[in-house]
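# Fold and geometry: a report
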Amino acid sequence: MADVEANYACDNHSIDGSDDIASHGSVTKFEQKVQSATNNLNPKSIVGKVKWSDYSAAMHNEVRSAAFWLAVGTEFLATFLFVWSTTATVSDNFLLVSLVGVAMTFGLMISVGVYIWAPISGGHFNPAVSIALACTMDITILRAFCYTIAQLCGSLLASIVNYGLIAAENRASNSLGSTYLVNEGLSTAQGFGFEVLTTFIFILTIYATIDPGRSVSGGFAALYIGIAGLCCHLISASQTNTGINPARSFGPNVLAVALNGRSIVVDSITGRTVDMLGSFYWIYWIGPIVGAISAAGLYVMFFTLDDRRAGDNVQKRLKAYQKWQDSILEK
C-alpha cells in the first residue's frame, strides 16, 4: 500500500504542476483556470489518481453495514419483479401483445422500479448498470459483484414463478419471454451491434440523469430512464427481442432450456425452433456490458457537468451518487 501511496503522490505532483507554479512565481487567474481545466480533462483524473486506501475502506465499511445488505436484497426483489412482470407479458403464446405494448411494459416497469428502489439500492436491476457504475467508481466493485449475483438469482426465481403461472396447456415449448434473434435473417454480429448500441443509449441516459451537475431530480429521473428503455425496446424488439440487461436474459433463457429442451418453437406457423442458449446467447451478456462501459466512460470523461464525478476523491464520487439516490425522494 505504501508503494501505491507513493505512486499516487508522484502522479499528483506531475499533474497539478505545483512545482512549476512555485518556480515561476504567481500566476494569473486565467492561467489557473486553464490549468484546472487541463487537470479535469486528463484521463488520469478518473482512475490514475485514486487513493486505493479510500476505495478499500469504502468496501470494508459496506460489508459491515446493514444498509448495504438491505440494498443487495432490494436488488434481488427489484429484479424479480421486473423480470416477472415484463416476461409474463410475452410468455403466453396465445395472448397476442403488440410490439408497442411490450415496449411500454418494459419502459414503464423500468420507471416504476427506479422510482421505488433508487433511494435504497440505486434501482439497478441490471448487471450492465452495476458494472458501468463500478467502472466509473460511482459504486464499489464489491457492491457491483453482490448486486449482480442478487440480480441473477432474482431473474431465475422470476422465471420459475412465471412458468408456474402459465396455463398448463401453454407450458410446452414455451420460451418464457427469452431473448433470441427474432429476425431470422439477422447475423450474430448484427445482433451484437443492436445490443451494444441500444445499451449505449440506455446507459448514457442514466449517467445524464444521475449527474449532480444537472437539475434532474425526483420522479422525473425515473421517468427519463424509463423512456430511454422504452425507446430501446421499440428500436430492437423486432430484431433481438431487446436484451440490454443480462439478468433479463438469464432467468428466462436458462429455465426455458431446462424445462423445454434446446429446441423451442418460436413460430407456430413456420415451425421455427431456437436453442435459447445457442451460439448467439453471448451477445446478451457481452453486448450490454460493452455498451454500458463505453457509454459510462464517454460520459464521465467528456460530458459530466459536476466536478465530483470527474475528480480523484473516491468518497466524493460515492457521495455524489448517494445524493442522486436521495433526490428521488424529493417532492
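Residues numbered from 1 in each chain as written. Predicted model: local features only at pLDDT ≥ 70, side-chain atom pairs only at ≥ 80, totals over all residues. Heavy atoms only, no water.

### Observations regarding the overall build of the chain
Tallying secondary structure elements over the chain gives 13 helices and two strands in all. Buried residues in the chain amount to 46% of all 331 residues. The contacts in the chain between residues at least 6 apart in sequence include a share of 78% that link residues at least 24 apart. On the chain, roughly 15,300 Å² of surface is accessible, and the fraction owed to carbon and sulfur atoms is 66%. (Helix = DSSP H or I, 4+ residues; strand = E, 2+ residues; numbered from the N terminus. Buried < 20%, exposed > 50% of the residue type's maximum accessible area, 1.4 Å probe, protein only. Contact = heavy atoms within 4.5 Å. Areas by Shrake-Rupley, 256 points an atom, 1.4 Å probe, with all protein chains shown as cover.)

### Observations regarding the confidence of the model for the chain
Counting all residues, the mean pLDDT for the chain is 81, and 74% of those residues have values of 70 or more. pLDDT under 50 marks residues 1-48. Its contacts with residues more than four places away, or in other chains, come to 34 contacts. (pLDDT = per-residue confidence, 0-100.)

### A look at the packing of helix 5 (residues 66-91) against helix 6 (residues 99-121)
Relative orientation of the contacting elements helix 5 and helix 6 amounts to 170°, with a least axis distance of 10 Å. The angle between the axes of helix 5 and helix 6 places the two elements in the roughly antiparallel class. Residues Leu70, Ala71, Thr74, Glu75, Leu77, Ala78, Leu81, Phe82, Ser85, Thr86, Thr89 and Val90 of helix 5 pack against Val102, Thr105, Phe106, Met109, Ile110, Trp117, Ile120 and Ser121 of helix 6. A breakdown of the residues in the contact of helix 5 with helix 6 according to their chemical character gives 13 nonpolar, six polar and one charged. (Axes fitted to C-alpha atoms, helices over the stretch in contact; angles between N-to-C directions. Parallel < 35°, antiparallel > 145°, perpendicular 65-115°, else oblique. Nonpolar A, V, L, I, M, F, W, Y, C, P; charged D, E, K, R; others polar.)

### A few points about the environment of glutamate 75
One can find glutamate 75 in helix 5. Glutamate 75 gets classed as buried once you look at its relative accessible area, which sits at 0%. In this structure the C-alpha to C-alpha distance between glutamate 75 and glutamine 151, which are 76 residues apart in sequence, comes to 5.9 Å. In this structure glutamate 75 touches Ser121, Gly123, His124, Phe125, Tyr147, Ala150 and Gln151, once residues within four positions along its chain are discounted.

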